[in-house]
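Each chain, written out:
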Amino acid sequence: MTAFRTLLYKEMLRFWKVAFQTVAAPVLTAILYLAIFSHVLSDKVTVYGALNYTHFLVPGLVMMSVLQNAFSNSSSSLIQSKITGNIIFVLLPPLSYREFFGAYVLASVARGVVVGIGVWLASLPFASIGMVHPVWVLAFVLMGGAILGTLGIIAGIWADKFDQLAAFQNFIIMPLTMLSGVFYSIHSLPAFWQTVSHFNPFFFMIDGFRFGFFGVSDVSPWLSLLVVGGSFIFLSLICLEMLRRGYKLRG
Amino acid sequence: MSSTATDIPAIRVRGAQKSYGSLQALAGVDLDIRQGEFFGLLGPNGAGKTTLISALAGLTRLTAGRISVMGHDVVNGYRDARRMLGVVPQELVFDPFFTVREMLRIQSGYFGLRNQDDWIDELLANLDLTSKATANMRALSGGMKRRVLVAQALVHKPPVIVLDEPTAGVDVELRQGLWAFIRKLNAAGHTIVLTTHYLEEAETLCNRIAMLKAGRVIELDTTANLLSRLRSHALRVSYAGPVELPAALLARKPLMEGGRYSFAFDDYAEVEPLLAALREACGVPSEIEVVKPDLEQVFVDLLKRD
């Protein structure tokens, strides 16, 4: 257990040492989104009947920050270690591939949660919202963070260069998050795009998370839980198999 | 502990093969390294030294064959095998996020060890790094980073220590200090495996040497035996212009490079007749030199031989 705990601690210390870049910066970005979108749209748009747009937006931005930062944490740590060569420091010790997986995922979740809390706190002056179902909030934040942490490991191991990782981030993670309903309810979309949204697992993460705040959502939180949980299991199995085989890590 | 019984080899390699596509980096290596040895692994670039070390350390997986460290298979018993092994990598790698002490504490934790500060202090003192304990890794010179790598490899007190070209790019003074420390570890019972390009280092440090070429062990013997068995003394002569050696001299199979001829001999009594024969056939050489055997020459000869 000491080995696993040490790797987890090291991965958390790594982002915490550069918290200005890994925590403060994404909080600022999210707050800028909030300030601008709520300024432009707050008086014109209501969601779910009477819900103020700014209020609607806050959980979406919190979750988006959780997801993006969870992805960044494991993926950037791994690609940096691979490129600088210090990945051997975690490959030489007697760590099992499961411990490796667990530590990187949990550290990613931790960064996601820290940034998420930061965004939520910073959003309070704009929109003070409470949670109707905190357990749902917690469940989705942990699972969403874990999914993106897992995707980050997969991307970080797969990518040989920074620009490949950037492509993964910009062409897969970003569109899936932006089109997941962070900024809008998918009920406002034309029928075709509503259907398309249902194929985006990120939509279920945001929707389920938002249900925890307002008690209303586009789809049932149980369906979201099923999709999100299933996605996590599916991606974990892929990731664990990559690690077990030593894909790109133990040539 | 039965696993440290002295009859178990520190490292056992059996039928190790590794292919990268069509390239065969290891073509069937068998090797036993006994506990307490100071063992040299020599060979030209691409001979398979680093591949062998990577397989030993679990950084790469063999296509065929098996390797064990202190009796623990590096695949099936990887946890025990890795605990027994400390590796100083060839590349000067470091983690820019941490200080020297943080790095050593973390590395120690990876091996399941906590509260190692006394040992960490001792390592830092021995490697002349005490004043740098709280410095960030980025702030260290190349030589210091190299010493931190040595400390990292030793932080879990492994009985077997592998150093992959540890003195590449390290200045002379530092190299001496490093070797003094490694010798001390060897004297304390640690098995040392060394790859190096500096043959004089292997010659003075290693008690046994394996030479690798094209993924095979082409020679394996004690350093003393290698030096005496494989290469006798040589008489080296040079001629300014072209000369033709008579059959009697060619029969001695001299090594020829440009206008330089190198005749092996075992006894100094052979030198005078040899020189006389040369003078008679080809005139007085422009240069005459008696060369004592050294590992470099052994090495060059071995690599020429096929």
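Residues numbered from 1 in each chain as written. Chains lettered and ligands numbered in written order. Predicted model: local features only at pLDDT ≥ 70, side-chain atom pairs only at ≥ 80, totals over all residues. Heavy atoms only, no water.

1. Things to note about the overall build of chain A
Counting its regular elements, chain A contains 10 helices and 2 strands. The linear arrangement of helices and strands in chain A, starting from the amino end, is α-α-β-β-α-α-α-α-α-α-α-α. Its C-alpha radius of gyration of 18 Å places chain A within 12% of the 18 Å reference for a compact globule of 251 residues. Viewed in the frame of its principal axes, chain A has a C-alpha envelope of about 55 × 35 × 35 Å. The buried share of chain A, reckoned over its 251 residues, is 57%. (Helix = DSSP H or I, 4+ residues; strand = E, 2+ residues; numbered from the N terminus. Rg over C-alpha atoms; globule rule 2.2 N^0.38 Å. Buried < 20%, exposed > 50% of the residue type's maximum accessible area, 1.4 Å probe, protein only.)

2. So, the sheet that holds strand β14 (residues 287-291) of chain B
Whether parallel or antiparallel, the strands of a sheet pair through hydrogen bonds between backbone atoms. Residue and element names in this part refer to chain B. Ordered in space as β12-β13-β11-β14, the 4 strands form an open sheet in which the pairing is antiparallel. Strand pairing shows two members of the sheet lacking a second neighbour, β12 (255-257) and β14, which therefore form its edges. Between one strand and the next, the sheet's axes are offset by a mean angle of 20 degrees, whatever the strand orientation. The pairing of β12 with strand β13 (residues 260-265) spans 3 bridges and is antiparallel. (Pairing = 2+ DSSP bridges. Axes fitted to C-alpha atoms, helices over the stretch in contact; angles between N-to-C directions.)

3. Overview of helix α10 (residues 221-245) of chain A
All names here are of chain A. Along its 25 residues, α10 runs 36 Å from first to last C-alpha, staying within 8% of the 36 Å computed at 1.5 Å per residue. Every buried residue belonging to α10 is among P221, S224, V228, G229, S231, L235, S236, C239, L240, M242 and L243, and all of these are buried. On the buried face of α10, the contacting elements are α5 (97-123), α6 (134-158) and α9 (201-214). At the N-terminal boundary of α10, the capping side chain belongs to S220, with an oxygen 3.0 Å from the backbone nitrogen of W222. Two residues or fewer after α10 comes G246, characterised by a positive phi angle close to 75 degrees. (Expected span 1.5 Å × (residues − 1). Contact = heavy atoms within 4.5 Å. Polar contact = N/O pair within 3.5 Å; in protein donor to acceptor, adjacent residues only side chain to side chain.)

4. A look at the packing of helix α3 (residues 100-110) of chain B against helix α4 (residues 117-126) of chain B
Residues and elements named next belong to chain B. Where α3 contacts α4, the two axes come as close as 11 Å, and the packing angle between them is 130 degrees. Between α3 and α4, the angle falls in the class oblique. Crossing geometry of α3 relative to α4 is assigned as right-handed. Taken together, the residues of α4 that come into contact with α3 (itself represented by V100, R101, L104 and R105) are D117, I120, D121 and L124. Of the residues in the contact of α3 with α4, the class split is 4 nonpolar, no polar and 4 charged. (Parallel < 35°, antiparallel > 145°, perpendicular 65-115°, else oblique. Left-handed = near helix turned anticlockwise from the far one by under 90°. Nonpolar A, V, L, I, M, F, W, Y, C, P; charged D, E, K, R; others polar.)

5. Focus on the layout of surface pockets
For the largest pocket, the calculated volume is near 510 Å³. If one sorts the elements of the lining of the largest pocket by residue count, helix α1 (residues 49-57) of chain B sits on top with 3 residues. Partitioning the lining of the largest pocket into residue classes produces 11 nonpolar, 6 polar and 5 charged. Along the walls of the second largest pocket sit 23 residues, with R244(A), R250(A), R61(B), Y78(B) and R82(B) positioned nearest its centre. (1 Å grid on protein atoms, 1.4 Å probe; cavity = no way out; pocket = protein on both sides within 12 Å on 5 of 7 lines; lining within 4 Å. Points joined across faces, edges and corners; volume = space filled by probe spheres on them.)

6. Some remarks on the interface of chain B and chain A
At the junction of the two partners, chain B supplies 31 residues and chain A supplies 30 residues. Roughly 2,700 Å² of surface becomes buried between chain B and chain A when both sides are summed, with 60% attributable to carbon and sulfur atoms. Of all residues in chain B, L59(B), F97(B) and Y110(B) give up the largest surface area on contact with chain A, accounting jointly for 29% of the area buried on that side. Where chain B packs against chain A, one counts 2 salt bridges. Between K17(A) and E102(B) there is a salt bridge, with its nearest N and O atoms 2.6 Å apart. (Buried area = accessible area lost by both parts, 1.4 Å probe. Salt bridge = Lys/Arg side-chain N within 4 Å of Asp/Glu carboxyl O.)

7. Some words on the nonpolar core
Generally speaking, a soluble globular protein has its nonpolar side chains buried in company with each other. Judged by nonpolar contacts, the single largest core of 164 residues is most densely connected at M63(A), L148(A), L31(B), V69(B) and L295(B). A total of 14 residues in this core trace back to one element, the largest contributor, which is helix α3 (residues 53-84) of chain A. Beyond its immediate sequence surroundings of up to four residues, L295(B) is in contact with L42(B), L199(B), A202(B), E203(B), I209(B), M211(B) and L227(B). With 13 residues, the next largest nonpolar core counts Y239(B), L249(B), F263(B) and L275(B) among its residues. (Core = buried A, V, L, I, M, F, W, Y, C linked by side-chain atoms within 4.5 Å.)

8. A few points about the packing of aromatic side chains
All names here are of chain A. What the rule picks out here adds up to 18 aromatic pairs over all chains. When the ring of W136 is compared with that of W222, the centres are 4.9 Å apart and the planes differ by 80 degrees; the resulting orientation is edge-to-face. You can see W136 sitting in helix α6 and its partner W222 sitting in helix α10, a full 86 residues away along the chain. Since its relative accessible area comes to 60%, W222 is described here as exposed. (Phe/Tyr/Trp six-rings, centres within 6.5 Å; stacked < 30°, edge-to-face > 60°.)

9. Looking at empty space enclosed by the protein
According to the stated counting rule, one finds 3 cavities of 30 Å³ or more in the structure shown. There is about 120 Å³ of room inside the largest cavity. Along the walls of the largest cavity sit 14 residues, with L92(A), V87(B), Q107(B), Q152(B) and A153(B) positioned nearest its centre. Broken down by secondary-structure element, the contributors of at least two residues to the lining of the largest cavity are β6 (85-88) and α5 (142-154) of chain B. The class makeup of the residues in the lining of the largest cavity is 9 nonpolar, 4 polar and 1 charged.

10. Considerations on the environment of A224(B)
Within the secondary structure, A224(B) is located in helix α8 (residues 223-230). For the pair A224(B) and P96(B), spaced 128 residues apart in sequence, the C-alpha to C-alpha distance is 43 Å.

11. Some thoughts on unusual backbone geometry
Residues and elements named next belong to chain B. Of note in this structure, M70 is not a glycine but carries a positive phi near 50 degrees. By secondary structure assignment, the location of M70 is in the loop between β4 (64-69) and β5 (72-73). For M70, a relative accessible area of 3% gives the class buried.

12. Quick notes on the pattern of salt bridges
Residues and elements named next belong to chain A. Applying the stated criterion across every chain yields a total of 18 salt bridges over all chains. Between R245 and E241 there is a salt bridge; the shortest N-O distance is 2.8 Å. Of the two residues, R245 and E241 are both situated in helix α10; the distance of 4 residues between them amounts to about one turn of the helix. Its relative accessible area of 56% is what places R245 among the exposed residues.

Coordinates in, geometry out; function isn't part of it.
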